[in-house]
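Inside the fold
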Amino acid sequence: MDPKETIKKNLERRSDFVDVVSLHENIPMPSWVELSLIDVCNRKCSFCPKSDEKVAPDTFQKMSRKIIDEIHDQLLEIHFNGTISLCGYGEPLLHKDISYIVKKLSNVSKVEVITNGDVLSSKRLQELYISDVSKVLVSMYDGPEQIKKFKEMTKKANVPEDLIILRDRWYDKYNDFGVKLTNRAGTIKTGIQEQVGLYKNCYYPTYQLLIDWNGNVYLCPQDWQRKVSMGNIMQETIFDIWTGKTFTDFRKNLILGKRCNNPCKSCNADGTLLGKNHTKKWKKIYKIKN
Ligand SMILES: C[S@@+](CC[C@H](N)C(=O)[O-])C[C@H]1O[C@@H](n2cnc3c(N)ncnc32)[C@H](O)[C@@H]1O
Ligand code: SF4
């Protein structure tokens, strides 16, 4: 298998719905909301900050139903038309309330689960399906033998074959471990990393946001050190945070190619792979030419 093929396919798939702009009060809304449900992972992949307990310790903190319900209500309020991704800084399927979470949030929009697949079983897959999950993306870190295992699991669960997307991520450092490798905004050095400063513009803050277990909102999923909080959804609404000063300053700077503040200063991610259509809209609003 070509290690880059799955990455390319996944990006194309995501672009189909992430790059669709919906307006609320004439403002482009995020099309991708990522939730970090739980701050623990059962794996310690070498390229992931979770491999270093000094940097990203397992704190076992998890998102409460109160916060899930608040996210549900606030996203309905802004007529959210994007996708909710259950991923973040840990392993979402370790959250015991996963069925409730998926069921509740699927009232609002499509819900995708990103998992290392270790605790997935045909029973759990069936439960996720019944809870109306739209996709389960499995990161396979061990080897090609996992394909057979997950295909059989899907069959046994009696769910549509295309409910799960299998991603080959068992490669070595010369193949970027099969991921779109980044330093997680200066958090890790593992692998053959692009130099910081190569990429300037970044569209992440034009189309997405990340909500941590406690309701804190972060600029993007690269900010593993949680350097700058944009606000907390229990104190301000998602809409107010999205349109507030901190988010706006980062968004304007990054559209202009200025990675001048933390966490962006130390980030080596190409931030322009998604979000082109949102960026066009924001440029008009901010009167930025070209
Ligand atoms: C932190 S994991 C959380 C979800 C789940 N535990 C998993 O492994 O799929 C989120 C995604 O980040 C990817 N990832 C981790 N470290 C990365 C890095 N340094 N660069 C790019 N992607 C990375 C993982 O492969 C996974 O797809
Ligand atoms: S430059 Fe890096 S850290 Fe900053 S918003 Fe973009 S992806 Fe996130």
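Quick caveat, the model's predicted, so the values are computed rather than measured.

**Some details on the site of ligand 2**
- Of all residues adjacent to ligand 2, which total 15 residues, the nearest are C202, C220, C264, C267 and G271.
- A class-by-class count of the residues in the shell around ligand 2 yields 11 nonpolar, 2 polar and 2 charged.

**Description of the site of ligand 1**
- Looking at ligand 1, there are 16 residues lining it, with C48, E91, N116, S139 and V179 nearest.
- Each residue belonging to the shell around ligand 1 can be placed in one class, and the counts come to 8 nonpolar, 4 polar and 4 charged.

**Describing the sheet that holds strand β3 (residues 32-35)**
- Strand order across the open sheet formed by 8 strands is β7-β6-β5-β4-β3-β8-β9-β10, with mixed pairing between neighbours. Two strands bound the open sheet, and with one partner strand each, they are β7 (164-168) and β10 (229-232). Strand-to-strand twist in this sheet, taken as the mean axis angle between neighbours without regard to direction, amounts to 25°.
- Relative to strand β8 (residues 208-211), β3 runs parallel, the two sharing 4 bridges. Across the sheet, E34 pairs through a bridge with L210, a residue of β8.
- Helix α1 (residues 3-18) rests against β3, β4 (83-86) and β7 of the sheet, and its axis sits at about 140° to β7.

Calculation criteria
Residues numbered from 1 in each chain as written. Chains lettered and ligands numbered in written order. Predicted model: local features only at pLDDT ≥ 70, side-chain atom pairs only at ≥ 80, totals over all residues. Near = placed C-beta within 6 Å. Nonpolar A, V, L, I, M, F, W, Y, C, P; charged D, E, K, R; others polar. Pairing = 2+ DSSP bridges. Helix = DSSP H or I, 4+ residues; strand = E, 2+ residues; numbered from the N terminus. Axes fitted to C-alpha atoms, helices over the stretch in contact; angles between N-to-C directions. Contact = placed C-beta atoms within 7 Å.

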